[in-house]
Amino acid sequence: MFSNPFKKMDQETLRHSSDLLNKQKNYNKVINLRISIAAVAVLCVFCIIAFRLFDIQYRNHDSYTLKLENFASKKQKTVTPRGQILDRNGNVVVATKESLNITYTPPEELDEETIWENAIHFYEHFGKADYEPTNQEYQSLYLQLSDDNGDSLLSEEEQEKVAAGTLSEAKAEQLKLSRVNEEMIASIPESYRNAYGIKLMMQKSPASETKLIKENVSNEQVAYLSEHTAQFEGFDVSNGWMRDYPYADTLKDVIGRIGTIQEQDQLYYQALGYGLNEMVGISGLELEYEDLLSGKKMVNEITYDESGNAQLNEVSAGKKGYDLQLSIDIELQQKIDEILLNTMRTIGSNETSKYMRNLFVTLINPQDGSIYAMSGVQKDEEGNIYLYASGNYLSANLPGSAVKPAVVYMGLAEGAVSPGEIIVDEPLYIKGSAPKGSYRNYGPLDEIGALQVSSNVYMFHIAIRLGHGTYVKNGPLDLDTSAYSLIRRYYSMFGLGTKTGIDLPNEEIGVRGTETSSGLLLDYVIGQYESYTTLQLAQYTATVANGGKRMKPRLVTQAYEVNSRNVVYQNKSEILNYVNGDLAYFDRVHLGMRTCVTTNYCGNINRSDVQVAAKTGTAENKYYKDGVGYDSPNAIQLGYAPYDSDTPNLAFACMAPNYSNGDKLQPNICGNTIMPQVLEEFYKKY
């Protein structure tokens, strides 16, 4: 009989059987525990759900009901009247007046054919919309109305590429648009062309918003629409606003324009809550202060009646935009405009000034940067003359000797010359160059005399010393070009070659020179190297006048609520920087500018009632016509008053580009004609 070979293993298994049973009991405990935890968790979840249901249905029922209504309803935002703009004396420069407008709120579910019918019907009774479609939009219309969507404008090869997918639909559309010519556009039925602007406005995004179709319509048109409402589904009359300019074109280009949101700005304005059909500032002060002028919109809820016509129910009343107050004296501005217009009409018509196209004048308070007036005129090639005040900060010209007060201060501050140092004004003879001198040889001069007679030679010697060079008659001139950076740094501290900081968009800074030869360094210190705007020259003059503080120019001083003087915004005066160096050197500069006036080197601006300090400049320049350059210099004058006051209240700059023919040099038109009249008008009031 065989023995059991697994006996020992079986005995061992039986010995541990109680352990297996015990382990099974442990598993049961674990399972029961987990079931209990899960049950408690489910109970907690149901408690939370029950609490939230109670919270929504009882505690916050009204709040959630309102949120649901807001989510489900359509809202229409209506722009409230824009704030007005007033001058420093409270005269309304830009008014907002009420107007009657025809608007359109899209009814529900209109097909394309019905929209066209409504647009054409509207045109037949009220004429075109205020919006004029672009040429590209007319090209798109031609494609829409063509039987084949313009496919015939593509070659057979191009059509095959479209079918094969090697030419994208978007590219094909661009090709078709580019091939729609004026003749094709003219072939569009007249009714469609005339009504197209209306249709575009009717369908302008967002779909639910009311669209402005015609602004400032007549009472007769309003009456007709009111009597025939059923025939013009979706159209209505609303009270709106429009800009009015009591002073006509005076300062109008600086104030700027309003218009529909430009395509490139749509995302920006949408992020701010604007509708794409809203009117916004698109230039000048209207753009710069859009957030203050625009006000708070009125909100209406759009509902629809049984016929699908939209109805408006007010949700929240809007608030008119804030009024802006300018530092400008609008009546003084008008006077200076007239002075410049008359000068251009008379002197600008002479043979000796036949190339003169612009005149600019800026008056500024040196103590706080407030601008009293900013006037400019422009003449086109046909001889028409326009106001061009914005040219004071958009047009840059060579300043000539007007930079010399800054050069003298820099020379003193950097130790290139000492107070009272004498330099002989006589031509410099540099190897390989034509002689460089002043208008005439003035002989021995100190820095005061150099400003008085406008010595070029004195400035040349300052530049040579700043460039660590030595002048040797008929020898070469090798200067350290690091002097360019030094001069530019000083000029920028005065406000030349840098943005002034004025509260306007798109300010120009002028043309910066790039070549750095020794000869051009000499040109740099007599204003023949870089160009500056008239506003920069005015800020620079104000910095000289107040002893080295560069003030930020400002046009707007404050904003306040309509029909009250409750100020909501202040554009406070701001010091941008101080000029480096010993400010006592400004006394020497001031004396030189005053002497220029009292000795009549600065024109006819010497007055008995107030002491004026000034500096004139004549810059070599060319006027280009048909690709040919003609010598035609610029005339400049800058100055300030009163000279004998620690706090002068006026700084001015006048620029007359191309004021004279090169072969018929005339007396400085700024110092002899324009500024004497401007100062007379200023001191009648101030």
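This section reports on the structure supplied with the text. These numbers were taken from a predicted model, which means no experiment stands behind them.

Reading guide: rules and limits
Residues numbered from 1 in each chain as written. Predicted model: local features only at pLDDT ≥ 70, side-chain atom pairs only at ≥ 80, totals over all residues. Heavy atoms only, no water. Buried < 20%, exposed > 50% of the residue type's maximum accessible area, 1.4 Å probe, protein only. Helix = DSSP H or I, 4+ residues; strand = E, 2+ residues; numbered from the N terminus. Pairing = 2+ DSSP bridges. Axes fitted to C-alpha atoms, helices over the stretch in contact; angles between N-to-C directions. Contact = heavy atoms within 4.5 Å. Parallel < 35°, antiparallel > 145°, perpendicular 65-115°, else oblique. Left-handed = near helix turned anticlockwise from the far one by under 90°. Nonpolar A, V, L, I, M, F, W, Y, C, P; charged D, E, K, R; others polar. Disulfide = S-S within 2.5 Å.

1. Side note on the pairing of strand β10 (residues 323-326)
Residues in a regular strand point their side chains to alternate faces of the sheet. In β10, alternate side chains face the same way, and those of D323 and Q325 on one face and L324 and L326 on the other are all buried. Note: strand β2 (residues 85-86) against β10, 2 bridges, orientation parallel. Bridging across to β10, L86 finds its partner in Q325. Of the strand pairs in this sheet, β10 and strand β19 (residues 556-560) are connected by 4 bridges, and their pairing is antiparallel. For Q325, the partnering residue across the bridge sits in β19 and is Q558.

2. What to know about the sheet that holds strand β11 (residues 358-364)
Strand order in this open sheet of 6 strands is β13-β12-β11-β26-β25-β22, and the pairing throughout is antiparallel. Of all strands in the sheet, those bounded by a partner on one side alone are β13 (385-387) and β22 (613-619). Neighbour-to-neighbour, the strand axes of this sheet turn through a mean angle of 10°, independent of strand direction. In the packing of helix α24 (residues 669-685) onto the sheet, the strands contacted are β11, β12 (371-379), β25 (634-641) and β26 (650-656), and the crossing angle to β26 comes to about 145°.

3. Section: the packing of helix α17 (residues 404-413) against helix α19 (residues 456-466)
How two helices sit against one another is set out by the angle between their axes and by the gap between those axes. At a minimum axis distance of 10 Å, the contact between α17 and α19 shows a crossing angle of 45°. Classified by the angle between their axes, α17 and α19 sit oblique to one another. At the point where α17 passes α19, the crossing takes the left-handed sense. Of the residues in α19, those touching α17 at K404, V407, V408, M410 and G411 are N456, M459, I462 and L466. In the contact of α17 with α19, the residues fall into 6 nonpolar, 2 polar and 1 charged.

4. A short note on the state of the cysteines
The full count for this structure, using the stated rule, is 2 disulfides. Disulfide pairing is shown between C596 and C602; the S-S distance is 2.0 Å. Looking down the S-S bond of the C596 and C602 bridge, the torsion is 95°, so its handedness is right-handed. Taking relative accessible area as the criterion, C596 reaches 1% and is therefore assigned buried. The exposure class assigned to C602 is buried, which follows from its relative accessible area of 0%.

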